[in-house]
Amino acid sequence: MYLICSVSFAYKIKLIQGWALLQLLLLVSFSQAEDRVCLQMGDPENPQLSKDGDIILGGIFSFHSSWINRRDTYMHKPLPLQCISLNFRGFQHAQAMLFAIDEINNSSDLLPGITLGCKVYDSCGSIARGVRASLALINSQETTFKLSDKCTKPAQVQAIMGESSSSPCMAIATVMGPFHIPLISHFATCACLSDKNKYPSFLRTIPSDHYQSRALAQLVKYFGWTWVGAIRTNDDYGNNGMATFIETAEELGICVEYSVAVFRTDPPDKSKQIISTLIKASTSRVIVAFLSHMDIDVLLIELSQHNLTGYQWVGSEGWIFDSHTAAMDQLNSSSKELFREECSGHEDLAGVKNTFTDMSLMPIFYNVYKGVYAVAHALHDILSCNNTCNKTAQLDPFTILHHIKRIRFKTKEGDEVYFNENGDPPAKYEIINWQPTENGNVEFVPVGLYDASLPADRQLTLTNRTLVWAQNSEQVPVSVCSEKCPPGTRKVLQKGKPVCCYDCLRCADGEISNSTDSISCVRCHSEFWSNERRDTCIKKKEEFLSYEEMMGALLTAASLLGTCLTAVVMFIFFRYRRTPIVRANNSELSFLLLFSLTLCFLCSLTFIGRPSGWSCMLRHTAFGITFVLCISCVLGKTMVNVMKWFGPAQQRLSVLGFTLIQVFICLLWLTISPPFPFKNIKDFKDRIILECALGSAVGFWAVLGYIGLLAMFCFILAFLARKLPDNFNEAKFITFSMLIFCAVWVTFIPAYVSSPGKFSVAVEIFAILSSGFGLLICIFIPKCYIILLKPDRNTKRNLMGKEGPTH
């Protein structure tokens, strides 16, 4: 704080002293009325190259690429900028301007009788020096002039060619704007210079970076690079160009791992830190470089010292055509040191090979050439040139600028030259690939074209030529943060990382992704399921209890066994129908019971196989009616033992009545809401269970409930009559059969409800078969035993304690 105050105080003293001295000079000046003169402040600026002519064009180029930084003390007059690092490229640009001027002067078609001259200044790439040169071009070189002379002299130049960088152009264009003096650049590409409100007199013969940045982003996307590093020149050219690239890259799904700015005058420590902490530590293998050729030259030297190779560079027009940069890259990748021999002064210039004699940047020289011709065509129109030109016409910078914006002509090579409303030419770029030649040099091979005037999907086109990649590989390098997620997976972003960094998670069951890098999985249709790889939906397996599987075959065998055993018993009973044991307790009911048991065993087969409309309605109703018929017959036999007056007629009526009630319940069920085939997709996700929906659950449980009611009633009666003194008494056998029946169906209910899929059908079949076998074994097998093995007991005397009812 104290240091700032002291400097400020000293500065105020010097201002006061300066103001007093100025008043003294003014007093002396006005006292000498006869010699009133104005003195030019500062030292005069002389051009590095000049050529006389009727009309003078200015030129500002960088003959040097850098300068020595000095710290001004404000105690004495600052020394002139000391330029270093000779830049042959800038000198080539100036030579291209001189060549175009000579060609125009020697032409009889363009500006006949008018000669063009030039004054060319070296800016050293410095913004301050570029502005100083521009002011020198519009002012005269006289150091003094009288007050009586007009101070509003026309500018000594009608247009200025240059500069080669965007930042100096922005400063120069800002100064030139109020004077409407055209500034035509051949190499300043910053999109910011298209703003005509800020830079009304700026034009260029090279496209804006607005298009180049997008072209580079599309090129990166074309080769599948989604994870790149970015290096830019720390000026308006690099900063604006890279900002547009990053914006477009994000729209195309490209992530920038790091973005750093460098400048050729940076201290070496900064470059080393960038290389060691960013580039070395990075995982991206592609570097997008928005750099000037002067900055990348410095960067390549630093990279070679760190032995960093194998990176794929994607460059802007600032250095991609530069053979000197390409030669440096070749030397760095074979680990050779750069060296320069001192000139002796006796060399043959025809055999010299350096950046000055290199013509690889001919497109840029051509831009200078077109800029000079654009001014010449505008002057040709203003001076109404035909065979001769009107030399008396007053040239006005505003008029010249207006005509340059409207010109449209073709060069000798057939290229059309014109400017749009922003002072920019049409945007077309060649895609260049560096390819080594047999002699160890680098060849710039065109491999594609970018034309911004075409529709978006056709702007970038690449030829079928073989490209050479980093380390002379023919394989396209891979530069991604995460490998592509294959079909069957989806991308999940890594926390705190860019969108290009993600993990690949396998799709869940029932979901698929059939494309690479899917951001989500798609759920399959309800009747489909995902395959093992999760990339295709396949038809779900339909599951039902079939005859082909083991469980279905066993149940079918059991059903047929029960049917056969019932048929055998029926045959035995028919064969011995006149014996007392068969005739006891109404043989008619016995045969009806055996017939109903046969139907019970057979109705279980309707539960096996693919459900259909008729099988769903038949299986439950047939089961309900046949079981009621069975239990009605058993109930009739039981009542005979309890009520001796319950004769054959009453038995028939009871069987008929009990069965008709069940028939009525079933008809009501089928009428209101019958069972129907149903595809169950809820219980199992990976398969479809084909089953019979109950339709009306009330109807189903009414059928079962009625069967259970009759069974309980029959069991109670049989239990009460089990000890009656009668050898023909079947009550104890019926008690056991009903006990088995009730136990089976009581356990059936929870088992049926909890069994999944086809197992619920198997449980129901098992209950039917168990009930049938229980009735058959408990009621008929003891009688068959007596008939076949104990015929001596099959007499009326042995089987009855007293005469019982017979039929």
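All figures in this text were calculated on a predicted structure; none of them were measured in a lab.

**What to know about the sheet that holds strand β13 (residues 286-290)**
Piece 1. Across the sheet, four strands lie side by side as β12-β11-β13-β14; this open sheet has parallel pairing. Sheet topology places β12 (255-262) and β14 (312-315) at the edges, where each strand pairs with a single neighbour. Looking at each pair of strands side by side, their axes are set apart by 25 degrees on average, direction ignored.
Piece 2. In this sheet, β12 lies alongside strand β11 (residues 227-233) in parallel orientation, the contact comprising seven bridges. Residue R232 lies in a different strand from β12, and its bridge partner there is A261.
Piece 3. Against the sheet, helix α6 (residues 236-251) engages β11, β12 and β13, with an angle of about 160 degrees to β11.
Piece 4. On top of the sheet, helix α7 (residues 268-279) reaches β11, β12 and β13; it is set at about 170 degrees to β12, its chief contact.

**Quick word on the packing of helix α16 (residues 648-672) against helix α17 (residues 697-720)**
Piece 1. Contact pair α16 / α17: the axes reach a minimum separation of 9 Å and the direction vectors enclose 170 degrees. Here α16 is positioned roughly antiparallel relative to α17, judged by the angle of their axes. Contacts between α16 and α17 involve F658, I661, Q662, I665, C666 and W669 on the former and, on the latter, G699, F700, A702, V703, Y706, I707 and L710.
Piece 2. Across the contact of α16 with α17, the residue classes tally to 11 nonpolar, two polar and no charged.

**A closer look at the sheet that holds strand β17 (residues 428-436)**
Piece 1. Taken together, three strands build an open sheet; the order of strands is β17-β18-β19 and the sheet is antiparallel. Edge positions in the open sheet fall to β17 and β19 (460-462), since each of these has one partner strand only. Ignoring which end each strand starts from, the neighbouring axes of this sheet average 35 degrees apart.
Piece 2. Bridging between strand β18 (residues 442-451) and β19 involves three bridges; their strand directions are antiparallel. By the bridge assignment, L449 is partnered in β19 with T461.

**Re the pairing of strand β27 (residues 676-680)**
Residues in a regular strand point their side chains to alternate faces of the sheet.
Piece 1. Summarising the sheet, β27 and strand β28 (residues 687-693) pair through five bridges and their orientation is antiparallel. Following the sheet pairing, K679 is matched in β28 by L690.
Piece 2. Between the end of β27 and the start of β28, which pair antiparallel, lie six residues.

**What about the side chain of H620?**
Piece 1. In this fold, H620 is placed in helix α15 (residues 613-642).
Piece 2. Dropping the residues within four chain positions of it, H620 is found in contact with F607, W669, P675, L694, F700 and E764.

**Looking at a positive patch on the surface**
Piece 1. A cluster of like positive charges, contributed by R575, R577, R578 and R583, occupies part of the molecular surface.
Piece 2. Tracing the sequence through the fold places R578 in the loop between α12 (550-575) and α13 (580-583).

**Some points on the environment of I275**
Piece 1. Relative to the elements of secondary structure, I275 occurs in helix α7.
Piece 2. According to the relative accessible area criterion, I275 is buried, its value standing at 0%.
Piece 3. Separated by 33 residues in sequence, I275 and L308 place their C-alpha atoms 8.9 Å apart.
Piece 4. Excluding anything up to four places from it in sequence, I275 contacts K280, E302, L303, H306 and L308.

**Observations concerning the UniProt feature "transmembrane region" (unreviewed entry) in the chain**
Piece 1. The residues that UniProt annotates with the feature "transmembrane region" (unreviewed entry) are residues 550-576, 588-609, 621-643, 655-678, 698-721, 733-753 and 765-788.
Piece 2. End C-alpha to end C-alpha, residues 733-753 measures 31 Å, and it is 100% helix and 0% strand.
Piece 3. Structurally, residues 765-788 is divided into 100% helix and 0% strand, and its ends, taken at the C-alpha atoms, are 31 Å apart.

**Some points on the packing of aromatic side chains**
Piece 1. What the rule picks out here adds up to 21 aromatic pairs.
Piece 2. Aromatic side chains F573 and F780 sit 5.4 Å apart centroid to centroid with 75 degrees between the ring planes, which places their arrangement in the edge-to-face category. With F573 in helix α12 and F780 in helix α19 (residues 758-789), this pair connects stretches of sequence that are 207 residues apart. Just as F573 is buried, F780 falls in that class too.
Piece 3. In this structure an aromatic cluster arises from ring pairing among W313, W319, F321, W434 and F444.
Piece 4. Across the ring face of Y418, the terminal group of R408 is positioned such that the distance to the ring centre comes to 3.9 Å.
Piece 5. If you follow K539 out to its NZ or CZ, it ends over the ring of F528, 5.4 Å from the centre.

**Here we look at the state of the cysteines**
Piece 1. Evaluated as defined, the whole model comprises nine disulfides.
Piece 2. Across a sulfur-sulfur distance of 1.6 Å, C83 and C124 are joined as a disulfide pair. In this structure the cystine formed by C83 and C124 twists about its S-S bond by roughly 95 degrees; its chirality is therefore right-handed. With a gap of 41 residues between them, C83 in strand β5 (residues 83-86) and C124 in the loop between β6 (116-122) and α3 (127-138) connect regions that are remote in the sequence.
Piece 3. With relative accessibility at 0%, the residue C124 sits in the buried group.

**Quick word on the nonpolar core**
Piece 1. By size, the foremost hydrophobic cluster in this structure holds 67 residues, and its most contacted members are F623, W745 and F780.
Piece 2. Every element with two or more residues in this core is listed here: α12, α13, α14 (587-603), α15, α16, α17, α18 (731-754) and α19.
Piece 3. With 15 residues, the single largest contributor to this core is α19.
Piece 4. Those residues in contact with W745, other than ones at most four positions away along the chain, are F623, F627, L704, A767, I768 and S771.
Piece 5. A96, A100, L111 and V375 belong to the second largest nonpolar core, which has 44 residues in total.

**Examining the pattern of salt bridges**
Pairing between side chains becomes possible if they bear opposite charge and their charged atoms approach one another.
Piece 1. For the structure on display, the rule yields 22 salt bridges.
Piece 2. Here E416 makes a salt bridge to R408, at a shortest N to O gap of 2.8 Å.
Piece 3. R408 gets classed as exposed once you look at its relative accessible area, which sits at 54%.
Piece 4. Where K428 meets D451, a salt bridge forms, and the shortest distance between an N and an O atom there is 4.0 Å. Of this pair, K428 sits in strand β17 while D451 sits in strand β18, and the two are 23 residues apart along the sequence.
Piece 5. Owing to a relative accessible area of 9%, D451 belongs among the buried residues under this scheme.

**Observations concerning the environment of L291**
Piece 1. Looking at the element boundaries, L291 is found in the loop between β13 and α8 (293-305).
Piece 2. Each C-alpha atom, one on L291 and one on G318, is 6.1 Å from the other, the two residues being 27 residues apart in sequence.
Piece 3. With near-sequence residues (within four places) excluded, L291 lies in contact with I231, R232, T233, Y237, V262, I296, L299, S316, G318 and W319.

**Section: unusual backbone geometry**
Peptide bonds are mostly trans, and most non-glycine residues show a negative phi.
Piece 1. For the bond from G162 to E163, the omega torsion is -15 degrees, close enough to zero to count as cis.
Piece 2. In this fold, E163 is placed in the loop between β8 (160-162) and α4 (166-176).
Piece 3. Positive phi, close to 60 degrees, is recorded for Q471, a residue that is not glycine.
Piece 4. Among the secondary structure elements, Q471 is positioned in the loop between β19 and β20 (489-493).
Piece 5. Among the residues examined, Q471 registers a relative accessible area of 64% and is labelled exposed.

Analysis parameters
Residues numbered from 1 in each chain as written. Predicted model: local features only at pLDDT ≥ 70, side-chain atom pairs only at ≥ 80, totals over all residues. Heavy atoms only, no water. Pairing = 2+ DSSP bridges. Helix = DSSP H or I, 4+ residues; strand = E, 2+ residues; numbered from the N terminus. Axes fitted to C-alpha atoms, helices over the stretch in contact; angles between N-to-C directions. Contact = heavy atoms within 4.5 Å. Parallel < 35°, antiparallel > 145°, perpendicular 65-115°, else oblique. Nonpolar A, V, L, I, M, F, W, Y, C, P; charged D, E, K, R; others polar. Patch = residues over 30% accessible without salt bridge, like charges linked within 9 Å, V, L, I, M, F, W, Y side chains within 5 Å. Areas by Shrake-Rupley, 256 points an atom, 1.4 Å probe, with all protein chains shown as cover. Salt bridge = Lys/Arg side-chain N within 4 Å of Asp/Glu carboxyl O. Lys, Arg positive; Asp, Glu negative; His and termini not counted. Charge placed at Lys NZ, Arg CZ, Asp CG, Glu CD. Buried < 20%, exposed > 50% of the residue type's maximum accessible area, 1.4 Å probe, protein only. UniProt positions renumbered as here; feature names shortened; annotations may be inferred. Phe/Tyr/Trp six-rings, centres within 6.5 Å; stacked < 30°, edge-to-face > 60°. Lys NZ or Arg CZ within 6 Å of the ring centre and 35° of its normal. Disulfide = S-S within 2.5 Å. Core = buried A, V, L, I, M, F, W, Y, C linked by side-chain atoms within 4.5 Å.

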